[in-house]
Amino acid sequence: MKTNRKTIASIIAILVVGGLIGYLVGNQQTNSSTNQHINSSSNQQINSSTHQQINTSAQQIWTCSMHPQIRQNEPGDCPICGMDLIPLEDEQNAETDPMAVSMSATAMQLANIQTAIVGAMNPVKRVRLNGKVKEDERLVYAQASHIPGRIEQLMVNFTGEYVEKGQVIASVYSPELVTAQQELFEAQKIRETRPQLFNSAKEKLKNWKLTDRQIEEILQSGQAGASFDIRTDVSGYVINKMVDPGNYVSTGEAIYQIADLSKVWVLFDVYESDMPWIKKGDKVEFTVASLPGESFSGTISFLDPVIDPKTRVAKARVEVANRGLKLKPEMFVSGTVEAELRNRENVVVVPKTAVMWTGERSVVYVKTADEQGINFKMREVTLGSALGESYIIEDGLQQGEVIAVNGTFSIDAAAQLAGKPSMMNPQGGPVMTGHNHSAMDMGSDTQNQHSATDENTRPKTTSKATDTDPKFIAQLTRVYDAYINMKNAFVDTDAKKASAKAKDVMAAVDNVNMELLKGDAHLLWMDQSKKLNSALKVISQSSDIDEQRKAFHRFNQALYNSLKTFGLDGKIIYYQYCPMAFDNQGAYWLSEIEEIRNPYFGEVMLKCGETREVIK
């Protein structure tokens, strides 16, 4: 019995201990499972959060508002201009129109994008004319010698001297006049019986412009004079002395030219392209470089019916009263005519800065706004006549629409990079890019990322290569050599030096003999030389470096076209480009060296630019 009790007690003890052990083991497993689940869940959350952060960081792209071709995975400075990079917006969420590109207000402000409402107006073209002051041909008088003989003395020995009517200007010895006086003395002796003979002798002297008083003085003296004075028939300025003492002159031969300058002509050059705009009766406002601050006006009284075969211009005449004799012959003048386009009213007109031109197509960017923000969409337009700084739009725009008038290059670059329709890629889609900004280490993420879109600012030329006379090429090469000195003055940001060097270039252009060119080549150089001289005139006369650089930009376009057409004599030219010039519209220049030395910014951004073409 005792044994059974001990056995039962042992079994019970074993069961209790086993249960306790089982409880402890089970509780530990439960805690381990719970902890494992918690840790697993925590790890999943952490991994998910980390993954999300990595994805978010990977999706965030940073770009430059001034150079949208720059794309980087982290913030920093633009490798081109040094501006702070800004986050690139998610275009899929920001745009509602798949054909438009959106831009934030900040990006528009930084890129200096300006817009304007399209309006209508009566078209007026501002035609610029250059010309010279000339004598009024109706007031130019040839002062002749009425007596044949030898010039004994000239009382007026130089041009420019003013003479009064009746003033003695020369003395002439005339054997014929001596003989005529002797005949008069003989006729005087028989005047009572032969009065007709006496009167005939007097008339002979009068035909030589001797006055009755002079004839009476001869009769009273009783002696024949060896020389006689020549008196002026008009008052005015001597503009040409045609004889010297000792010269023999015949009756009626001119010895002086005298001009009355109380009225003058201003003769303006009207090129063939401007002739449809210029009409008789148009009002011309003009200025003279040597009379700063003064302006003059007049109306066109005569327009040449023929064109000069050498210069390819017609003359427009303006008659001006010359008060105070301020206007002197051969002065250069610059004038403008506000010419109206007849039979056209209320036409759509936009600034030239709004239009991007490829040579075949012209496009503008139309602004729209929705809940998502501001969008710009490219639209092709048909251009009409150019009105100075604006164009007539024949088709493609309506009144009231809003278009970009400044910063269109930045919009087009953003559109092309986003695969949207752009000027160079009207159908849209990915665009191959590739460009290493000169002399700048742009890093592996940004190198070779410059868009080809800025080709739209490159000057276009439709001219073809010609077989050019070597003499002409040599003369054009001298123009280029003078240009390099002017370009370097802009690199130094020296307005005074640029003005002086522009005069040297102007002299080189004037020395180019256009008669060496024939046919279309002659006409092409006529057009380009007009643009070259117009720009050089501004550079040489202005002391404002910004105004000079604008004219320098126009000069470069014309010079590039000329060099591409006619060539140079053994020169290598680097055609270089800065995308930031003139509020990101871009500008080109020519250089003798491959190193970038920016003439539009000088030391401020000396290395900003790239070589676009090498001309040999």
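Bear in mind the structure is a predicted one, so any value in this text is a computation, not a measurement.

I'm lost on the confidence of the model for the protein chain in this one. Help?
Detailed conclusions should not be drawn from predicted coordinates in areas where pLDDT is low. Of all residues in the protein chain, 81% attain a pLDDT of 70 or more, and the chain-wide mean is 79. Note on residues 27–58: pLDDT is under 50 here. Beyond four places in sequence and across chains, it has one contact.

Please clarify how the packing of aromatic side chains should be interpreted in this entry.
By the definition in use, this model includes 16 aromatic pairs. A ring pair is formed by Tyr483 and Phe555, whose centres lie 5.7 Å apart and whose planes are at 15°; its orientation type is stacked. In this pair, Tyr483 is assigned in helix 9 (residues 470–491) and Phe555 in helix 12 (residues 545–566), connecting sequence segments 72 residues apart. By the burial criterion, Tyr483 is buried, and Phe555 matches it. Ring geometry for Tyr577 against Tyr588: centres 4.5 Å apart, planes inclined by 45°, an arrangement best described as tilted. Of this pair, Tyr577 sits in strand 27 (residues 573–578) while Tyr588 sits in strand 28 (residues 587–591), and the two are 11 residues apart along the sequence. Each member of the pair, Tyr577 as well as Tyr588, is classed as buried. One aromatic cluster is present, formed by Tyr480, Tyr483, Phe490, Phe552, Phe555, Phe582, Trp589 and Tyr600 through successive ring pairs. Above the plane of the ring of Trp265 lies Arg317, whose end atom (NZ or CZ) is 3.9 Å from the centre.

How should the packing of helix 4 (residues 175–189) against helix 5 (residues 195–207) be read in this particular structure?
Pairs of packed helices are described in terms of their axes, by the angle between the two and the distance that separates them. Interhelical geometry of helix 4 versus helix 5 gives an angle of 155° and a closest axis separation of 8 Å. Overall, the two elements helix 4 and helix 5 adopt an arrangement that is roughly antiparallel. As for how helix 4 packs across helix 5, the hand of that crossing is left-handed. In this structure, helix 4 uses Leu177, Ala180, Glu183, Leu184, Ala187 and Gln188 to contact helix 5, whose residues at the interface are Leu197, Phe198, Ala201, Lys202, Lys204 and Leu205. Here the residues of the contact of helix 4 with helix 5 sort into eight nonpolar, one polar and three charged.

Cut-off values and rules
- Residues numbered from 1 in each chain as written.
- Predicted model: local features only at pLDDT ≥ 70, side-chain atom pairs only at ≥ 80, totals over all residues.
- Heavy atoms only, no water.
- pLDDT = per-residue confidence, 0-100.
- Contact = heavy atoms within 4.5 Å.
- Phe/Tyr/Trp six-rings, centres within 6.5 Å; stacked < 30°, edge-to-face > 60°.
- Helix = DSSP H or I, 4+ residues; strand = E, 2+ residues; numbered from the N terminus.
- Buried < 20%, exposed > 50% of the residue type's maximum accessible area, 1.4 Å probe, protein only.
- Lys NZ or Arg CZ within 6 Å of the ring centre and 35° of its normal.
- Axes fitted to C-alpha atoms, helices over the stretch in contact; angles between N-to-C directions.
- Parallel < 35°, antiparallel > 145°, perpendicular 65-115°, else oblique.
- Left-handed = near helix turned anticlockwise from the far one by under 90°.
- Nonpolar A, V, L, I, M, F, W, Y, C, P; charged D, E, K, R; others polar.

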